[in-house]
Amino acid sequence: MRRILLPYKIRSVYRLLREAEPQDFTKYSEHFNELSFAKKLERVGQFLGDTVLLPILRLYFILQSRDVPKTGKLYIIGALGYFILPIDMLPDFLPGLLGFSDDLIVVSIVLKQVRKFSTPEIEAKAQRLMHRICPCR
């Protein structure tokens, strides 16, 4: 498989995000609210597809679980706030999935931390909502 070479600035952003800790994203929690989240999903959901959308929906439903401690919820809210913001390390308006790749890295880092709180019910809810947003998948 051929490796895609990205410009230096983008590679440094990826490196920075991969080395980040979940608490690094809590500053974005002030940007999360249900209405902004729903609008963003509606606007970009079909474009993103399940690769990006499903992890985001998993985080959203894990957030609603009573079993998740406050720190975990703060990490999730920060990651979802980062997703909502159109201007972040790699702006969402960049072509293709490139603009959302930093969002996916942030979501993946936080999802790795809170995955233990995921249940089959949460997975089913995320799948159902994803199929409602992207019915062709």
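Placed above this text is the structure.
Overview of the structure. (Residues numbered from 1 in each chain as written. Predicted model: local features only at pLDDT ≥ 70, side-chain atom pairs only at ≥ 80, totals over all residues. Heavy atoms only, no water.)

### A word on the packing of aromatic side chains
Then step 1. Counted according to the given criterion, the structure contains three aromatic pairs.
Then step 2. Seen from their ring centres, Phe37 and Tyr60 are 4.8 Å apart, and the 20° between their planes marks the pair as stacked. One end of the pair, Phe37, is in helix α2 (residues 34–48); the other, Tyr60, is in helix α3 (residues 50–63), with 23 residues separating them in the sequence.
Then step 3. We classify Phe37 as buried; its relative accessible area is 3%.
Then step 4. Seen from their ring centres, Phe37 and Phe83 are 6.3 Å apart, and the 70° between their planes marks the pair as edge-to-face. One end of the pair, Phe37, is in helix α2; the other, Phe83, is in helix α4 (residues 70–84), and 46 residues separate them in sequence. (Phe/Tyr/Trp six-rings, centres within 6.5 Å; stacked < 30°, edge-to-face > 60°. Helix = DSSP H or I, 4+ residues; strand = E, 2+ residues; numbered from the N terminus. Buried < 20%, exposed > 50% of the residue type's maximum accessible area, 1.4 Å probe, protein only.)

### Overview of the packing of α2 against α3
Then step 1. The contact between α2 and α3 brings their axes to 10 Å, and the two run at 155°. Put simply, α2 runs roughly antiparallel to α3. Crossing geometry of α2 relative to α3 is assigned as left-handed. Here Glu34, Phe37, Leu41, Gly45 and Leu48 of α2 lie close against α3, whose contacting residues are Asp50, Thr51, Val52, Leu53, Ile56, Leu57 and Tyr60. (Axes fitted to C-alpha atoms, helices over the stretch in contact; angles between N-to-C directions. Parallel < 35°, antiparallel > 145°, perpendicular 65-115°, else oblique. Left-handed = near helix turned anticlockwise from the far one by under 90°. Contact = heavy atoms within 4.5 Å.)

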